[in-house]
Amino acid sequence: MKTLLRALILLLITLWLGGIMFFPVVAATAFSSISDTHAAGIIVGKCLRILHYEGLVAGTLIVVLLLAAQRARTYARNVVLPVIFAFIMLALTAFSQFWIIPKMEGYRLAAGGAIDAVAADDPDRLAFNKLHVESERVEEAVLVAGILLVAFVARD
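Remember, it's a predicted structure, so these values are computed and weren't measured experimentally.

A word on the overall build of the protein chain
Argument step 1. A count of helices and strands for the protein chain gives four helices and zero strands.
Argument step 2. Each helix (α) and strand (β) of the protein chain, taken in turn from the N terminus, gives the series α-α-α-α.
Argument step 3. The dimensions of the protein chain, computed from C-alpha atoms along their principal axes, are 60 × 25 × 20 Å.
Argument step 4. In the protein chain, the share of contacts with a sequence separation of at least 24, taken over all contacts with a separation of at least 6, comes to 76%.

What about helix α3 (residues 80-110)?
Argument step 1. For α3, which comprises 31 residues, the first-to-last C-alpha distance of 44 Å matches the rise-based estimate of 45 Å (1.5 Å per residue) to within 8%.
Argument step 2. At Ser96, α3 shows its maximal bend, which comes to roughly 35°.

Description of the environment of Arg108
Argument step 1. Assignment of secondary structure puts Arg108 in helix α3.
Argument step 2. Distance from Arg108 to Phe128, taken between C-alpha atoms, is 6.9 Å for residues 20 residues apart in sequence.
Argument step 3. Arg108 has contacts with His38, Ile42, Gly113, Ala114, Ile115 and Phe128, leaving out every residue within four places of it along the chain.

Scoring rules and cut-offs
- Residues numbered from 1 in each chain as written.
- Predicted model: local features only at pLDDT ≥ 70, side-chain atom pairs only at ≥ 80, totals over all residues.
- Heavy atoms only, no water.
- Helix = DSSP H or I, 4+ residues; strand = E, 2+ residues; numbered from the N terminus.
- Contact = heavy atoms within 4.5 Å.
- Expected span 1.5 Å × (residues − 1).
- Bend = angle between axes of the 7 residues up to and from the residue.

This is the structure in structure tokens:
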């Protein structure tokens, strides 16, 4: 049972972090392969939403399994720090999915649907670009928290 718990926790962390690490490759490929930046953005946005839901499910399961592992004494150390980092990852992912992305979508629609089609000084485009930078920083923070999660799970 202990081996199964450890294996499931590691599998879920690997899936989530692997998706986060692979996502920039998907984004770069979309924008370098598709001449229509609006279409590329739509593809990247859909992929990001899928990644977020994968992370929300995986993160929830990670927390549940870490708590079960604590109860089963699977790890020699307390799992408080790994649970905290999993919660940080979950909170940042939820913030991006349910606050940043809807606001970006609102600005995109307010700009007429294609953000690159409006002037560089358009207020909707400026707000969209600001949120895009914030979105990238949030994803980077999720990655860092995930690496720390791995370190704290592996230290046992």
